[in-house]
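# Topology and contacts: notes
Given next are the chains, with one letter for each unit.
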Amino acid sequence: GNSVTQMEGPVTLSEEAFLTINCTYTATGYPSLFWYVQYPGEGLQLLLKATKADDKGSNKGFEATYRKETTSFHLEKGSVQVSDSAVYFCALRWGPIQGAQKLVFGQGTRLTINP
Amino acid sequence: AAGVIQSPRHLIKEKRETATLKCYPIPRHDTVYWYQQGPGQDPQFLISFYEKMQSDKGSIPDRFSAQQFSDYHSELNMSSLELGDSALYFCASRGGLAGDSTDTQYFGPGTRLTVL
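Given the structure is predicted, the values throughout are model-derived calculations rather than measurements. (Residues numbered from 1 in each chain as written. Chains lettered and ligands numbered in written order. Predicted model: local features only at pLDDT ≥ 70, side-chain atom pairs only at ≥ 80, totals over all residues. Heavy atoms only, no water.)

With that out of the way, let us pick up the packing of aromatic side chains. Residues and elements named next belong to chain A. Under the criterion given, the structure shown has 12 aromatic pairs over all chains. Plain terms: the ring middles of Phe62 and Tyr88 are 5.6 Å apart, the flat faces sit at 40° to each other, and that makes the pair tilted. Residue Phe62 is found in strand β8 (residues 62-65), and its partner Tyr88 is found in strand β10 (residues 86-93); the two are separated by 26 residues along the sequence. The class of Phe62 is buried, set by a relative accessible area of 2%. (Phe/Tyr/Trp six-rings, centres within 6.5 Å; stacked < 30°, edge-to-face > 60°. Helix = DSSP H or I, 4+ residues; strand = E, 2+ residues; numbered from the N terminus. Buried < 20%, exposed > 50% of the residue type's maximum accessible area, 1.4 Å probe, protein only.)

All names here are of chain B. Here Thr31 lies in strand β4 (residues 29-37). In this structure Thr31 comes out as buried when scored by relative accessible area, which is 0%. Within the structure, Thr31 has its side chain in polar contact with the side chain of Asp30 (distance 3.0 Å). (Polar contact = N/O pair within 3.5 Å; in protein donor to acceptor, adjacent residues only side chain to side chain.)

Attention now moves to unusual backbone geometry. Looking along the chain, the bond that leaves Ser7 of chain B and enters Pro8 of chain B is cis, with omega of -10°. Along the chain, Pro8 of chain B falls in the loop between β1 (5-7) and β2 (10-13). Residues other than glycine seldom take positive phi values, yet Thr71 of chain A does so here, at roughly 40°. Assignment of secondary structure puts Thr71 of chain A in the loop between β8 and β9 (75-77). For Thr71 of chain A, a relative accessible area of 31% translates into the label partly exposed.

The next thing to look at is the confidence of the model for chain B. On average, residues of chain B score 91 in pLDDT, and 92% of them reach the 70 mark or higher. Of all the helices and strands in chain B, strand β6 (residues 53-57) of chain B carries the lowest mean pLDDT, 89, while strand β3 (residues 19-24) of chain B carries the highest, 98. (pLDDT = per-residue confidence, 0-100.)

In this structure, the largest pocket spans a volume of roughly 390 Å³. If you go around the largest pocket, you meet 22 residues; those closest to its centre are Gln38 and Arg110 of chain A together with Gln37, Gly40 and Gln41 of chain B. Contributing elements (two or more residues each) for the lining of the largest pocket: β10 and β12 (109-114) of chain A together with β9 (87-95) and β11 (111-115) of chain B. In terms of residue count, β11 of chain B provides more of the lining of the largest pocket than any other element does, 3 residues in total. Per-class residue counts for the lining of the largest pocket are 8 nonpolar, 11 polar and 3 charged. (1 Å grid on protein atoms, 1.4 Å probe; cavity = no way out; pocket = protein on both sides within 12 Å on 5 of 7 lines; lining within 4 Å. Points joined across faces, edges and corners; volume = space filled by probe spheres on them. Nonpolar A, V, L, I, M, F, W, Y, C, P; charged D, E, K, R; others polar.)

Generally speaking, soluble globular proteins have nonpolar side chains that are buried together. Ranked by size, the top nonpolar core spans 26 residues in total, and within it Trp35, Leu47, Leu48, Phe73, Leu75 and Tyr88 of chain A carry the most contacts. Of all the secondary-structure elements, those providing two or more residues to this core are β2 (11-14), β3 (19-21), β4 (23-26), β5 (32-38), β6 (44-50), β8, β10 and β12 of chain A. For this core, the leading source of residues is β10 of chain A, giving 4 residues. Once residues within four sequence positions are removed from consideration, Leu48 of chain A is found in contact with Leu33, Phe34, Trp35, Gly57, Ser58, Asn59, Phe62, Glu63, Ala64, Phe73 and Leu75 of chain A. Counting 22 residues, the second largest nonpolar core, distinct from the first, contains Leu11, Trp34, Ala87 and Cys91 of chain B. (Core = buried A, V, L, I, M, F, W, Y, C linked by side-chain atoms within 4.5 Å. Contact = heavy atoms within 4.5 Å.)

So, in structure tokens, the structure goes:
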């Protein structure tokens, strides 16, 4: 079945450090890939997405490239800020039927940025 | 911009009681999804509706039922509550009528259910 695997957390970095959170997936066909962010006590917010191979999603300084050959969608940011502290979820969406495209999430990576 | 609304935001119930969670999708979104997120866990898909019909079912217990109404809002009914049902329940909606042809699901803030 379809699944998503994220790097183990938690991850703690200093402000302005480079961030990489690894995400790999297993899927039949060609899923769309997403990164969602969850701030403490809040719901899930879409951070970025990519719908086909070699697409790059980007938002708020974060980037991720859909790599079909390595089945990966790693999240990167060149210089993190304290406000980036949150839990990050990688997810895939797949389903050929209208309305049936549920999201399958990775286990989440808790990121803490220290000033 | 309007977002997904969920009510109540917090709910405390006793074991074996019943709970009803409500979800109001973004206006003109026709697809609603329900997810359950246990403490420290990733969200797990429960059920989805498209145009008021159930379109997919995940790991939803038989004690739970859901429906989507004519105004596209959805309700998740949970009976015979168990301690293990304590979780954050998210609703997400997806466009169609609004001309949003992307596959993006927009999440509500969640309902935190605590079963004592």
